[in-house]
Amino acid sequence: HLASHFTCRQNRMAFLDSCGGCYFSMQLVDDRIMSRLLTAIVGRECNIDEIDRIGSRIITLERQFNVAEGFTRRDDERLPAALVSEPIPGREGRPPASFDLEMFQQTLTAYYESRGWSADRGAPTRSTLTGLGLGFTLEEPEQNPRETT
């Protein structure tokens with residue numbers, strides 16, 4: 001499915017990015033190279049499942065931060081007007097296409113589900129956060145960092 005494929009690619013890109021890798025080098029870096037990179041970093045044999053978990057932790061922690069700052073599914077649904085209103089040029093003699101908003105909504109829901117986030121808000125679930133070792137983000141901060149004293 002498209003959502004799970006995207007989730008996997010995003011996890012690996014987050015891992016590579018956290019190691020200082022370049023987005024454009026992703027075409028040259030396969031699972032074996034990434035596993036060797038992680039093995040060199042931590043000093044023990046590592047596999048691609050660990051890389052996917054690290055990437056998932058990164059993406060989910062970023063999302064949890066955004067949720068804490070008030071971001072919701074509505075923010076993910078905010079698309080450029082031209083994307084949804086203008087025809088998409090056809091390729092290879094095909095007629096122009098139009099953006100399928102319903103398919104976008106379904107794919108966004110599937111993406112949230114593949115991440116273990118709530119479909120209605122896009123917030124990481126308690127079980128996802130604790131399963132990834134991010135349960136500390138569930139604790140209430142002592143003071144809102146936006147408040148001034």
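Now for a quick tour of the structure. As a convention, each chain's residues are numbered from 1 in the sequence order in which they are written. Whole-chain, interface and lining totals are the exception, using all residues; otherwise, since this is a predicted model, local features are given only for residues with pLDDT of at least 70 and side-chain atom pairs are given and counted only at 80 or more. As a convention, hydrogens and water are excluded, and side-chain values are obtained from all of the structure's heavy atoms.

## Concerning the overall build of the protein chain
- Summing up its helical and strand segments, the protein chain has 7 helices and 0 strands in all.
- For this measure, only C-alpha atoms enter the radius of gyration; the expected value for a globule follows 2.2 Å times N^0.38, where N is the number of residues. Here the C-alpha radius of gyration of the protein chain, 19 Å, is well above what a compact globule of 149 residues would show, namely 15 Å.
- Oriented by its inertia axes, the alpha-carbon framework of the protein chain measures out at about 55 × 45 × 30 Å.
- Note on exposure labels: buried denotes an accessible area under 20% of the residue type's maximum, exposed denotes more than 50%, and partly exposed covers the range between, all computed with a 1.4 Å probe on protein chains only. Across the 149 residues in the protein chain, those meeting the buried criterion constitute 28%.
- Any two residues whose heavy atoms approach within 4.5 Å at even a single point are treated as in contact. Excluding contacts between residues fewer than 6 apart, the proportion of contacts in the protein chain whose partners are at least 24 apart in sequence is 54%.
- Accessible surface area values rest on a Shrake-Rupley calculation with a 1.4 Å probe, where residue burial reflects the displayed protein chains alone. Put simply, the protein chain shows about 10,400 Å² of open surface, and 54% of that area lies on carbon and sulfur atoms. Helix and strand labels come from DSSP, where a helix needs a run of H or I of at least four residues and a strand needs a run of E of at least two; each type is numbered from the N terminus.

## Focus: the packing of helix α1 (residues 2–18) against helix α2 (residues 31–42)
- Inter-axis angles, ranging from 0 to 180 degrees, are taken between N-to-C directions of lines fitted to C-alpha atoms, where helices are fitted over the stretch in contact. It is the contact of α1 with α2, at a shortest axis distance of 11 Å, that shows an interaxial angle of 40°. As summarised for this structure, α1 and α2 are arranged oblique, according to the angle between their axes. By crossing handedness, the relation of α1 to α2 is classed as left-handed. Only Asp31, Met34, Leu37 and Leu38 of α2 make contact with α1, whose side of the interface consists of Arg12, Phe15 and Leu16. Roughly parallel here means an angle under 35 degrees, roughly antiparallel means over 145, roughly perpendicular means 65 to 115, and every remaining angle is called oblique. Crossings are assigned a handedness: left-handed for a near helix turned anticlockwise from the far helix by less than a right angle, right-handed for a clockwise turn.

## A short note on the packing of α2 against helix α3 (residues 48–68)
- Two elements in contact, α2 and α3, have axes whose closest approach is 9 Å; the angle formed by their N-to-C orientations is 75°. Between α2 and α3, the crossing angle belongs to the class labelled roughly perpendicular. Across from Asp31, Met34, Ser35 and Leu38 in α2, the residues of α3 making contact are Ile48, Glu50, Ile51 and Ile54.
- Partitioning the contact of α2 with α3 into residue classes produces 5 nonpolar, 1 polar and 2 charged. Polar here means any residue outside two lists: the nonpolar Ala, Val, Leu, Ile, Met, Phe, Trp, Tyr, Cys and Pro, and the charged Asp, Glu, Lys and Arg; Gly therefore counts as polar.

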